[in-house]
Amino acid sequence: MRTTTRWLGGLAAGLVLLGTAACNQPVDLPGSSGGGASSSASGALATLTIPITIAGGQVTPNGQKINASVGQPVVLQVTSDEADEIHAHTGGDGYELEVPAGTPTTGTFTPTSPGSFEIESHHLEKVIVVLNVS
Ligand SMILES: [Cu+2]
């Protein structure tokens with residue numbers, strides 16, 4: 001298990017506090033506002049799909065906050081030009097998705113408790129999404 005990097009350059013100022021968060025520790029983010037989540041409008045528990053692209057050492061999204069609900073399935077659609085592990089720090093060991101180079105990969109997990117959880121690239125040690133679960 002790698003520790004979360006101190007890489008914070010692209011994150012909003014309010015996320016700077018996350019710099020001390022260790023890998024696997026849920027983080028409380030007071031007053032976090034929703035980002036451009038692609039949450040479906042048809043009910044709180046509709047599947048939340050998050051497209052993720054990793055290319056040239058950059059991740060997209062890049063630290064964006066996305067809102068989700070407890071019990072809502074979260075689908076990660078990942079395309080990467082290099083093999084990577086995507087890790088959702090959703091408590092315990094979290095959810096880990098192995099992504100081979102060049103092959104679009106989809107993984108689903110369901111948050112079971114509220115909080116703010118980082119979804120990160122382990123190979124690049126970058127935060128892709130901060131999932132705010134309520
Ligand atoms: Cu991790």
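- You'll find the chain entered in an unreviewed UniProt entry as EfeO-type cupredoxin-like domain-containing protein, with Microlunatus sagamiharensis given as the organism.

1. Describing unusual backbone geometry
Then, in step 1: Residue Thr60 is joined to Pro61 through a cis peptide bond whose omega torsion reads 0°.
Then, in step 2: At Glu125, a position not held by glycine, the phi torsion is positive, near 55°.
Then, in step 3: One can find Glu125 in the loop between strand S8 (115-121) and strand S9 (126-133).
Then, in step 4: In this structure Glu125 comes out as partly exposed when scored by relative accessible area, which is 27%.

2. Things to note about the sheet that holds S8
Then, in step 1: Pairing in this open sheet of 5 strands is mixed, and the strands run S3-S9-S8-S5-S6 from one edge to the other. Looking at which strands have only one partner, the edges of the open sheet turn out to be strand S3 (64-68) and strand S6 (95-99). Taken pair by pair, the neighbouring strands of this sheet meet at an average axis angle of 20°, ignoring direction.
Then, in step 2: Examined bridge by bridge, strand S5 (residues 84-88) and S6 share 5 bridges and lie antiparallel to one another. Within S6, the residue paired with Glu85 across the bridge is Glu98.

3. Structural notes on the environment of Glu96
Then, in step 1: Among the structural elements, Glu96 can be located in strand S6.
Then, in step 2: Residue classification places Glu96 among the partly exposed positions, given a relative accessible area of 38%.
Then, in step 3: Separated by 23 residues in sequence, Glu96 and Ile119 place their C-alpha atoms 9.4 Å apart.
Then, in step 4: If we ignore the near neighbours within four places in the chain, the residues touching Glu96 are Glu85, Ile86, His87 and His122.

4. Looking at the pairing of strand S1 (residues 48-55)
Then, in step 1: The alternating pattern of S1 places Leu48, Ile50, Ile52 and Ile54 on a buried face, while none of Thr49, Pro51, Thr53 and Ala55, on the opposite face, is buried.
Then, in step 2: Sheet topology note: the S1/strand S4 (residues 74-80) ladder contains 7 bridges and is parallel. Looking across to S4, one finds that Leu48 is bridged to Val74.
Then, in step 3: One ladder, built from 3 bridges, connects S1 with strand S2 (residues 58-60); its direction is antiparallel. Its bridge partner lying in S2, Thr53 is registered against Thr60.

5. Overview of the environment of Gly63
Then, in step 1: Here Gly63 lies in the loop between S2 and S3.
Then, in step 2: Residue Gly63 is classed as buried on the basis of its relative accessible area of 7%.
Then, in step 3: Sequence separation between Gly63 and Val130 is 67 residues, and the spatial gap between their C-alpha atoms is 6.1 Å.

Scoring rules and cut-offs
- Residue numbers here run from 1 along each chain, matching the order of that chain's written sequence.
- Local features are withheld for residues below a pLDDT of 70 in this predicted model, meaning they are given only at 70 or higher, and side-chain atom pairs are given and counted only at 80 or more; totals for whole chains, interfaces and linings count all residues.
- Calculated side-chain values reflect all of the structure's heavy atoms, with hydrogen atoms and water omitted.
- Numbering of helices and strands starts at the N terminus; helices are DSSP runs of H or I of at least 4 residues and strands are runs of E of at least 2.
- Type-normalised accessible area, obtained with a 1.4 Å probe on protein chains alone, sets the label of each residue: buried when under 20%, exposed when over 50%, and partly exposed for intermediate values.
- Note: two strands are recorded as paired if DSSP finds a minimum of 2 bridges between them.
- For every element, the axis is a line fit to its C-alpha atoms; helices are fit only across the contacting stretch, and the angle between N-to-C directions ranges from 0 to 180 degrees.
- It only takes one pair of heavy atoms within 4.5 Å for two residues to be counted as in contact.

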